[in-house]
Amino acid sequence: MTGDKLIVPSSVKPRVVFSRCLGFACCRYDGMCISDEFVDKLREQVECITVCPETEIGLGVPRDPIRVISTQNGRTLFQPSTGRNLTGEMQVFSAAFLDSLPMIDGFILKGRSPSCGIKGVEQFSPEGKIIGKGTGIFGDAVMKRFPHLVVEDEGRLKDRKNRELFLVKIFAFARLRKQTG
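Quick notes on the rules
- Residues numbered from 1 in each chain as written.
- Predicted model: local features only at pLDDT ≥ 70, side-chain atom pairs only at ≥ 80, totals over all residues.
- Heavy atoms only, no water.
- Pairing = 2+ DSSP bridges.
- Helix = DSSP H or I, 4+ residues; strand = E, 2+ residues; numbered from the N terminus.
- Axes fitted to C-alpha atoms, helices over the stretch in contact; angles between N-to-C directions.
- Parallel < 35°, antiparallel > 145°, perpendicular 65-115°, else oblique.
- Left-handed = near helix turned anticlockwise from the far one by under 90°.
- Contact = heavy atoms within 4.5 Å.
- Nonpolar A, V, L, I, M, F, W, Y, C, P; charged D, E, K, R; others polar.
- Salt bridge = Lys/Arg side-chain N within 4 Å of Asp/Glu carboxyl O.
- Buried < 20%, exposed > 50% of the residue type's maximum accessible area, 1.4 Å probe, protein only.
- Phe/Tyr/Trp six-rings, centres within 6.5 Å; stacked < 30°, edge-to-face > 60°.
- Lys NZ or Arg CZ within 6 Å of the ring centre and 35° of its normal.

Enquirer: What am I meant to see in the sheet that holds strand β8 (residues 130-134) here?
Expert: Sheets are built from strands that pair by backbone hydrogen bonding, the pairs being arranged parallel or antiparallel. In space, the five strands of this open sheet follow the order β5-β4-β3-β7-β8, with mixed pairing throughout. Both outer strands of the open sheet, β5 (84-85) and β8, are each paired with one neighbouring strand and no more. Here strand β4 (residues 74-79) runs beside β5; their pairing, made up of two bridges, is antiparallel. Following the sheet pairing, Gln79 is matched in β5 by Arg84.

Right, dumping it as structure tokens:
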């Protein structure tokens with residue numbers, strides 16, 4: 001980024017999957033939309049595919065918060081106010097959505113989200129105590145399915161070096177995709 005313009009090569013548009021709440025729709029649990037300067041500029045330069053895993057599994061807007069419960073037996077996506085276990089629904093949605101994608105070049109997901117987060121997501125004990133940090137259920141599925149692609153969250157992209165590396169990678173993947181077509 002130079003000044004307030006994002007300068008990128010124009011020969012090929014990378015395909016990037018974005019969390020929908022990052023300026024595309026007001027779909028967060030609190031009904032809000034996150035404004036992000038980098039995402040706003042980038043969306044004009046790439047082919048955007050958006051996703052909100054929580055609304056895709058039928059949770060409304062606004063909605064009661066969800067959390068990741070971590071035990072020795074694994075992780076559960078849980079909505080405390082309703083007692084609803086959303087793990088199976090999120091896993092089914094994640095697999096179906098990721099299977100449906102065309103060839104893509106990268107992801108920008110909502111940081112610290114219990115569904116989309118790729119790091120820093122609070123992990124809770126069954127009793128409701130924070131016991132660590134990790135990934136969200138959908139974010140984890142993305143990283144396992146696409147270990148070769150760049151997967152970032154909007155918070156990390158505030159750092160200039162992370163932004164530059166992200167841009168280099170998505171445009172390199174896009175050029176490679178175009179050449180191997």
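Further notes follow.
Enquirer: I tried to follow the packing of helix α3 (residues 87-100) against helix α4 (residues 137-145) on my own but got confused; where do I start?
Expert: Packed helices, taken two at a time, are described by the angle between their axes plus the distance between the axes. Running from N to C, α3 and α4 cross one another at 40°; their axes reach a closest spacing of 10 Å. Relative to α4, α3 is oriented oblique. Seen along the crossing, α3 lies across α4 with a hand that is right-handed. Of α4, the residues touching α3 (which contributes Met90, Gln91, Phe93, Ser94, Ala95, Phe97, Leu98 and Asp99) are Ile137, Phe138, Ala141, Val142 and Arg145. A breakdown of the residues in the contact of α3 with α4 according to their chemical character gives nine nonpolar, two polar and two charged.

Enquirer: What am I meant to see in the pattern of salt bridges here?
Expert: Where charged atoms from two side chains of opposite charge approach closely, those side chains can pair. Taken as a whole and assessed by the stated rule, the structure comprises 13 salt bridges. We note a salt bridge from Arg160 to Glu164, for which the minimum N-O separation is 2.8 Å. With Arg160 and Glu164 both in helix α5 (residues 160-180) and four residues apart, this pair spans about one turn of that helix. Overall, Arg160 belongs to the exposed group, its relative accessible area being 57%. Its relative accessible area of 37% is what places Glu164 among the partly exposed residues.

Enquirer: Please explain the packing of aromatic side chains as it appears in this structure.
Expert: Two numbers describe a pair of aromatic rings. These are the distance of the centres and the angle of the planes. The tally for this structure, following the rule as stated, stands at six aromatic pairs. For the pair Phe97 and Phe138, a centre-to-centre distance of 6.0 Å together with 55° between the ring planes defines the contact as tilted. Of the two residues, Phe97 is situated in helix α3 and Phe138 in helix α4; the sequence distance between them amounts to 41 residues. The buried category is assigned to Phe138, whose relative accessible area is 0%. Following the ring pairs from residue to residue traces out a cluster consisting of Phe93, Phe97 and Phe138. Above the ring of Phe24, the side-chain terminus of Arg43 is found at 4.0 Å from the ring centroid. Looking at Arg67, its charged tip hangs above the ring of Phe124, at a distance of 3.8 Å from the centre.

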